[in-house]
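A look at the structure
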Amino acid sequence: MAKIIVVTSGKGGVGKTTTSAAFASALAMKGHKTVVIDFDVGLRNLDLVMGCERRVVYDFVNLIQGESSLSQTLIRDKKLENLYVLPASQTRDKDALTIEGVERVLNDLAETFDFIVCDSPAGIEHGAQMALYFAEEAIIVTNPEVSSVRDSDRIIGILQSKSRMAAEGKSVKEHLLLTRYNPARVERGEMLSVQDVEEILAIPLLGVIPESEAVLKASNQGVPVVHYAESDAGQAYEDAVARYLGENRPHRFLEKQKKGFLKRVFGG
Amino acid sequence: MKTGMVPLTTIQLHSTDLNALQDELSRRKAEAPALFAGLPCLLSLADLPTDVAGLQQLVSLLRQHGLALIGVRSCPAELATELASLQLADFGQASRPPRSKPAEETPDKSTTDESGCRRAVKVHEGNVRSGQQLYFDGDLYIIGMVSPGAEVLATGDIHVLGVLRGKALAGIKGSPDAIVSCVHFDAQLVAIAGHYQLFENGHALTNQSVLVRLDDDQLVIKGAEK
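1. Considering the sheet that holds strand β15 (residues 218-223) of chain B
All names here are of chain B. Pairing is mixed in the open sheet, where six strands are placed in the order β5-β7-β9-β11-β14-β15. The open sheet has two edge strands, β5 (121-125) and β15, and neither has a second partner. Taking each pair of neighbouring strands and ignoring which way they run, the sheet shows an average axis angle of 20°. Summarising the sheet, strand β9 (residues 158-164) and strand β11 (residues 179-185) pair through five bridges and their orientation is parallel. Paired with His-159 across the strands is Ser-181, a residue of β11.

In structure tokens:
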């Protein structure tokens, strides 16, 4: 039986799609059959970040409306044979998503996949609610700034009141993923610290992803950042997924990197 | 048949100006949307000059705002025949004389404790998140935190066994004896019986355990010595 995970945040631009792509890729790398679904109907981006934009024929809305089959619609990742992408429609709007339709697709996927990662659109409206409704676990992507933390708090409230788990009297398991973390700016008091965010949101910390040039480069090239194994962000995502799967790994990239002697002399 | 005493809210209007009433109802509803929804109440007509048409308009306005109006008190004899058509019961004359100064704003304590019963208690286990609102008719205990942007309201006390970062409004139907307390104080707003205080720039007792009560229409915030 597949585990349904939603990647959500409330606020836009905090790294939901980057996280969905990296998380799903890392799960597949570790041998789990994974599908990642773009719920951002009308503003699809996941296919770009996953580097499969030119291979989209059918999309999620076609599938919901019975215009295509699962095997026609799913796009197999070029690098990882365990990984599939279900792209959003570019031409429709979010009202095309219905509870019944989404449920049917998720049930079909659950028969063959280990993990179903749902990339939520920003906001708290219909699209975001469709993405989180069936979730059993949620990754709350948060930037270390006040407005992002506030929106995350709001979306946690919605998970606790408007998800299927809540309707059944159970609760969605929440994980905090802090992205775009810059220890130097935290030290200068320009950014909230990990402790600040943990204290306000009061949910378990899954990982901290440092602000990194690798992320922009990766998304522009259509390669999920975990494939850059030497990059800090790639390693941080890999750590987060390992922790998600039950490994006990210490949090890294929380302290400012000390410049080496040569860098101090010649400039970094 | 069983008999028992139940507290019932009585609405005492200061005027029959429908526009003023409309504004006031909208304002109060915006403050606490759950407060009026289905609230059973009586309308007191004492000292209220009104005729048949006026009464009909008044009743329909109050019902539009979600109040479950079930009857009237102190109904003048000439209007008594109209009550049945408005589906209202006649609760007779007020047992105590109408207040001499109807303009006085201090709410009547007896509306909540008329039966002399202890107030109902609700224990909420879990955090109240931003954008959520929790309302209870009685004393509300929260085992968890109240996030900024969240709102907790009670007709009685509010006790937060955690951090209070949002808004807490106690005694919202006018109980000046209501109390707000919390383990870590960092509230945006605290109100007791309509007397409120904002904490835009924090407070000297921020992050301490505090108890807030109303003393002579002033909110008094006391912290545990540390």
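2. A look at the packing of helix α6 (residues 126-133) of chain A against helix α7 (residues 146-162) of chain A
Residue and element names in this part refer to chain A. Axis separation between α6 and α7 bottoms out at 10 Å; the angle between their running directions is 60°. Of the possible angle classes, the one that applies to α6 and α7 is oblique. Note that α6 runs across α7; the crossing there is right-handed. Judged by residue contacts, Gln-129, Leu-132 and Tyr-133 of α6 engage Ile-155, Ile-158, Leu-159 and Lys-162 from α7. Class assignment for the residues of the contact of α6 with α7 results in five nonpolar, one polar and one charged.

3. Focus: the nonpolar core
Residues and elements named next belong to chain A. Within the largest apolar cluster, 51 residues are counted, with the highest numbers of intra-cluster contacts made by Phe-39, Phe-60, Leu-86, Val-102, Leu-109 and Ile-116. For Leu-86, the residues in contact, after removing those within four places along its chain, are Val-35, Val-36, Ile-37, Asp-38, Phe-60, Leu-63, Thr-73, Leu-74, Val-105 and Leu-109. Within the second largest apolar cluster, 40 residues are counted, among which are Ala-24, Val-49, Ile-75 and Leu-206.

4. Observations regarding the pattern of salt bridges
Residue and element names in this part refer to chain A. Applying the stated criterion across every chain, the model contains 21 salt bridges over all chains. A salt bridge links Lys-30 to Glu-238, with the nearest nitrogen and oxygen atoms 2.5 Å apart. In this pair, Lys-30 is assigned in the loop between α1 (16-29) and β2 (34-38) and Glu-238 in helix α12 (residues 232-244), connecting sequence segments 208 residues apart. Its salt-bridge partner being Asp-239, residue Arg-249 comes within 2.8 Å of it at the nearest N-O pair. Of this pair, Arg-249 sits in the loop between α12 and α13 (261-266) while Asp-239 sits in helix α12, and the two are 10 residues apart along the sequence.

5. Some points on the packing of α7 of chain A against helix α10 (residues 194-201) of chain A
All names here are of chain A. With their axes 10 Å apart at the nearest point, α7 and α10 run at an angle of 30° to one another. The angle between the axes of α7 and α10 places the two elements in the roughly parallel class. Here the hand of the crossing between α7 and α10 comes out right-handed. Facing Val-149, Ser-152, Asp-153 and Ile-156 of α7, the residues of α10 in contact are Val-197, Ile-200 and Leu-201. Tallied by class, residues from the contact of α7 with α10 come to five nonpolar, one polar and one charged.

Scoring rules and cut-offs
Residues numbered from 1 in each chain as written. Chains lettered and ligands numbered in written order. Predicted model: local features only at pLDDT ≥ 70, side-chain atom pairs only at ≥ 80, totals over all residues. Heavy atoms only, no water. Pairing = 2+ DSSP bridges. Helix = DSSP H or I, 4+ residues; strand = E, 2+ residues; numbered from the N terminus. Axes fitted to C-alpha atoms, helices over the stretch in contact; angles between N-to-C directions. Parallel < 35°, antiparallel > 145°, perpendicular 65-115°, else oblique. Left-handed = near helix turned anticlockwise from the far one by under 90°. Contact = heavy atoms within 4.5 Å. Nonpolar A, V, L, I, M, F, W, Y, C, P; charged D, E, K, R; others polar. Core = buried A, V, L, I, M, F, W, Y, C linked by side-chain atoms within 4.5 Å. Buried < 20%, exposed > 50% of the residue type's maximum accessible area, 1.4 Å probe, protein only. Salt bridge = Lys/Arg side-chain N within 4 Å of Asp/Glu carboxyl O.

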